[in-house]
Each structure stands twice: as structure tokens, then as C-alpha cells.
Amino acid sequence: MSTYLYELPTTGAISFGDFCVDSTASNAYASHIAEATQARANLRGILKEIKHTDTDDKDYLRLIKVLDDYLPYLHGIMGCVASGDIRLKSEPRFSWRTTLSAHLFHTSPRIALVSLHADLASSLLTYAFALSNFARVTVASLGSYEHERAISDIERKAKDEKLNFAVTLLCRASGIFTYMSEKVLLDWDKAGEGASGRPPDLSKEVNAALAKMALADAQTLAIRKFLSKSAYDIAVSPGPPLPKSHPSIPLIFKFHLECVSLYSSARTLAMTPGSARTSSPPSNPDSNTEVSVELRRYLADASAFHAALAHKWLGVDAGESGVREKGGEAVAWLLWAKKELEDMKRGRKGRVADELESVGVFLKHYKKINDSLTFQPVPKQQDLQARIPTGILAVHAKPYIPPAPAFGPGSVEYARLQTEALALDDNDSSGDEAVISSRTYAGAGSYF
């Protein structure tokens, strides 16, 4: 299973000069306002270009760089508005297309969002989407390298590093979604713009869900990297016993169980806006309170897939433990995993089919041993349920740190000017003190 592919939004044209007025005596920010308009036009241009580009050719890295350029300008304008250096002639209205909403005709409606906080939230959401999609294309370029029998150890390690790069991208995306949920959207509320009329893309619950999903996707790739060396050895000699290069089995099933927890929690949170409908109509008629079916299905399928893999490895752990009493338990876990994968396989190929084949090999081996040597009873599924341990994280989200403003309060330039002003004040004070001290002798200032 590959990671989720986000449809990227597009945005309408806007000029900050239409509603931003430089209030400084020296008109210090006029050029920066124009530069901010240009940076946002670049963002609009790349989003429009990506929308009309084939999936394999979309330049997500360029989009990330354009956002890295635009966000400091947006923070600069917001900081200057807060300090009073820039005055708003009117409330800015930013046009964005929503891409996570569930709509009857599967269209992405354009909605008008009021306030600078709205553009910050939408830009950061796009940033996280771009990081996630970039991770997806990075992984797609690797192919199933760990199963290639002809691959060299150097080539495998190089591809492991690329896989690890994709993990880092997803951890960054998770950090941005968390920052959105815990900071940006709360600041938007405090600014006097309530949640009414916002699409699910800009709800705290959905962004918290996306943070968990991105982290689960990152953990999924981390598990793949964790198993890459042993996967190669198994490709050379399939089935039990496991090769010496195989990592800790308890770690593997605990990693999968944590993925189950993350995906399940994400799905519950993603469903929250849809279950919290209000009787009053939304302020934005084009908004929708439900998350798209595709996203909900992805979360449900990912949770089910990792549950099956956790059960598979719990069975392998029992079978490889060497304890005679666990022969029946190994068969029970693998029968459970086989049933789950068969339910998922309908109409599908690829990873699910491969895992089903792997489970079949282990099941056949351990069942033969139990039927001919250990003769242990096979526990029922409800008995196994109580034996499932708690999952653990293999990776962690990377906290998002907003960039320094390009200008205004908090910027490097602003700090330099403040330092220079303080230095001038200190020099003036030193001069005054020198004049005073030179007149402290008896009869100072008197002429005879």
C-alpha cells in the first residue's frame, strides 16, 4: 500500500496593495508589500501548473520552495498589521479550492476565506500536502528494491536512505498538521473569525487526524526500511526459518499495532465534522462538513492492513519462539491474518496479495509442525484478542517552526534597525554624561 495522494488546491489572484496601507512615516514597507504580492502570485502560478500536469510529472519540490519563499512575507504582513505599521483598508478575502470535502459531483469548490489567518492556514495546509505527495513520489521511484535478488548491498543501502528521506518528509508534514490544529486555527478563532463556514480541510479535528495519518504513513515506511535487509534474504530463500538478518519480531508487530492505533484515531477524528452538523446553515454556502470518502476509505483500509500484519507477526513470533506450547497459538494468529487479508484482497493486487502469500507459507509450515509434533489446541479469536500488546512508535513528528518574517517585527532587518537605534541612544547618553562630568569641579561654569 502506498501513502495517501492529496489533491492540491488552487487559489485566486490577490494584490496585498489593494487592502494594505503602509502607516510608517518613511513608507518603509511599500516595496515589501509589492514583493509579498509577487511571492503569492508565484504560489498561485505553481499550483495552477501542477493541477494541469500529469501525476508523474508534478513538481512538488518546486512548490515547497515557492511556499518557503511566500510564508515569510505573509508572516511579515501579519506582524506589521498587529504592530500597526500596516493598516488594512478592508478585510482581505482569499479564494481557495477545497480538496478534502465530500461533494456529490466530486468537484473541488472555490470558497472565499476572510482574514490573513485564512491564507496562512491554507498555505500551510498546502505545504503539508506537498511534503506528503513528495514523499509518495520518492517512494514510488524506488520500486520493490528490497525484493530484487540482483541488487547489491550498496544499491540497497542507497535506496534505504531515499526511503528514510521520505520518512522525514512525512514527519515534517505531521508536524505542520499538528501546528495547524494546535496553533494556527486557534489563533484564527481568537482573531474573531469563528469556525462556521470553514471546510473540513480547515477544522482542528481534521488537521489532528491528518497529523496522525502522516505519522502512521511515516511509520509504515520506517517498518519497510527496518525489514529491507531481511526482505532481501527472504527473497533469496522464502519462508521459515527466518534469516539471521531478520530484526526483532516483537518490535515489528508493535510497530504495526501503533499504526493501527494511529490510523483508527485519525479516522475517528476525520469523521467528527460530519457527525457535528448544526441545524443552522453555514456562513459559507460552498463549504461542506464531511471529509471525502476516499480519505475515510484510505484510513479504514490502512488500519485493517496493519492489523492483519500485526497478527501475522504475532503468529510468526509464537512459531519461532521454540516453545512447544505456542504451536497452536502460531496457527491461530496466522489464520486470523489470512482471513483479514482475504477480505481485503477482493479486487486488489500488489502488497495485500504478496502478504497473503507470505502468511500462507508460514501458516502451512507451523500447521504441519503442530499437526505432527506439538499437537497444541488452536485458540479462538476472542482468546487471542486479550493477548494483543500495546504498540510503540518507531518515528516521531518533527515540530514545525514558523520562518522568521521577511520584514517588520521579528525579522532580521527589524532587529538590526532596533539594535542600531539603541546604539545611537547609548552614544547620545554617553555624550551627555561626559558634559555633566566635566562640570562637576568647584566653580564649574563660572567665569572670573
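Procedures and definitions
- Residues numbered from 1 in each chain as written.
- Predicted model: local features only at pLDDT ≥ 70, side-chain atom pairs only at ≥ 80, totals over all residues.
- Heavy atoms only, no water.
- Helix = DSSP H or I, 4+ residues; strand = E, 2+ residues; numbered from the N terminus.
- Buried < 20%, exposed > 50% of the residue type's maximum accessible area, 1.4 Å probe, protein only.
- Contact = heavy atoms within 4.5 Å.
- Areas by Shrake-Rupley, 256 points an atom, 1.4 Å probe, with all protein chains shown as cover.
- Expected span 1.5 Å × (residues − 1).
- Bend = angle between axes of the 7 residues up to and from the residue.
- Axes fitted to C-alpha atoms, helices over the stretch in contact; angles between N-to-C directions.
- Parallel < 35°, antiparallel > 145°, perpendicular 65-115°, else oblique.
- Left-handed = near helix turned anticlockwise from the far one by under 90°.
- Nonpolar A, V, L, I, M, F, W, Y, C, P; charged D, E, K, R; others polar.
- pLDDT = per-residue confidence, 0-100.
- 1 Å grid on protein atoms, 1.4 Å probe; cavity = no way out; pocket = protein on both sides within 12 Å on 5 of 7 lines; lining within 4 Å.
- Points joined across faces, edges and corners; volume = space filled by probe spheres on them.
- Phe/Tyr/Trp six-rings, centres within 6.5 Å; stacked < 30°, edge-to-face > 60°.
- Pairing = 2+ DSSP bridges.

Turning to the overall build of the chain, a few remarks are in order. Scanning the chain from terminus to terminus reveals 12 helices and four strands. Out of the 448 residues belonging to the chain, those deemed buried represent 46%. Long-range pairs, those at least 24 residues apart, make up 80% of the contacts in the chain with a sequence separation of at least 6. Element-wise, carbon and sulfur atoms account for 54% of the exposed surface of the chain, whose accessible area totals about 22,400 Å².

Bringing unusual backbone geometry into the picture now. For S115, which is not a glycine, the phi torsion comes out positive at approximately 95°. Here S115 shows up in the loop between β4 (110-114) and α3 (116-140). Residue F375 is not a glycine yet carries a positive backbone phi of 55°. With respect to the helices and strands, F375 occurs in the loop between α10 (351-374) and α11 (381-385).

Helix length check: α10 (24 residues) gives 32 Å between terminal C-alpha atoms against 34 Å at 1.5 Å per residue, within 8%. When we look at burial in α10, the residues that qualify are V352, E355, L356, V359, F362, L363, Y366, N370 and T374. Contacts made by the buried residues of α10 are with α8 (293-320) and α9 (327-345). F375 sits one or two residues past α10 and shows a positive phi near 55°.

Turning to the side chain of S132, a few remarks are in order. As for its placement among the helices and strands, S132 is situated in helix α3. According to the relative accessible area criterion, S132 is buried, its value standing at 3%. Those residues in contact with S132, other than ones at most four positions away along the chain, are T3, Y6, L170, A173 and F177.

Taking 1.5 Å as the rise per residue, helix α4 (residues 153-190) with 38 residues should run 56 Å; its terminal C-alpha atoms sit 55 Å apart, in good agreement. At M180, α4 is deflected by roughly 45°, the largest bend along its length. After α4 finishes, the residue G192 shows a positive phi value of roughly 100°.

All right, on to the packing of α9 against α10 then. Interhelical geometry of α9 versus α10 gives an angle of 155° and a closest axis separation of 9 Å. Accordingly, the angle class assigned to the pair α9 and α10 is roughly antiparallel. Judged by the sense of rotation from one axis to the other, the crossing of α9 with α10 is left-handed. Across the interface between the two elements, G327, G328, A330, V331, L334, L335, A337, K338, L341, E342, M344 and K345 of α9 pack against V352, A353, E355, L356, V359, F362, L363, Y366, K367, N370 and T374 of α10. Each residue belonging to the contact of α9 with α10 can be placed in one class, and the counts come to 14 nonpolar, four polar and five charged.

Attention shifts here to the confidence of the model for the chain. Across the chain, the average pLDDT comes to 88, with 88% of residues at 70 or higher. Model confidence for the chain, summarised as mean pLDDT per element, is weakest for helix α12 (residues 412-437) at 70 and strongest for helix α2 (residues 60-83) at 98. For the stretch residues 275-283, pLDDT sits under 50, and the model shows seven contacts to residues farther than four places along the chain or on other chains.

Scanning all chains against the criterion turns up three cavities of 30 Å³ or more. Volume-wise, the largest cavity comes out at about 90 Å³. Surrounding the largest cavity, 14 residues form its lining, W96, R97, S122, L125 and D201 being those nearest its centre. Contributing elements (two or more residues each) for the lining of the largest cavity: β3 (93-97), β4 and α3. No other element matches the four residues that α3 contributes to the lining of the largest cavity. Its residues placed into classes, the lining of the largest cavity shows eight nonpolar, four polar and two charged.

For the structure shown, the criterion picks out 17 aromatic pairs. Note on Y6 and F129: the rings are 4.2 Å apart at their centroids and 10° apart in plane angle, and the pair reads as stacked. Highlighted residues: Y6 in the segment before β1 (20-22) and F129 in helix α3, separated in sequence by 123 residues. By relative accessible area, which is 5% here, Y6 ends up buried. With 6.3 Å between their ring centres and 50° between their planes, Y73 and F407 make a pair best called tilted. Here the residue Y73 occupies a position in helix α2, and F407 occupies one in the loop between α11 and α12, the gap between them amounting to 334 residues. Accessibility expressed as a relative area gives 16% for Y73, which makes it buried. Judged by relative accessible area, which is 0%, F407 ranks as buried.

With that out of the way, let us pick up the layout of surface pockets. Its boundaries defined by the atoms lining it, the largest pocket holds a volume of some 1,200 Å³. What lines the largest pocket is a set of 41 residues, and nearest its centre among them are E146, H147, R351, D354 and E355. Of all the secondary-structure elements, those providing two or more residues to the lining of the largest pocket are α3, α5 (204-226), α6 (228-236), α8 and α10. Examining the composition of the lining of the largest pocket, we find that seven residues originate from one element, α10, more than from any other. Taken together, the residues that form the lining of the largest pocket break down as 18 nonpolar, 14 polar and nine charged.

Moving on: the pairing of β4. Side chains of β4 alternate between two faces, with I111 and L113 buried and R110, A112 and V114 left unburied. Both β3 and β4 contribute to a ladder of five bridges, which runs antiparallel. Across the sheet, residue F94 finds its bridge partner in β4, namely L113.

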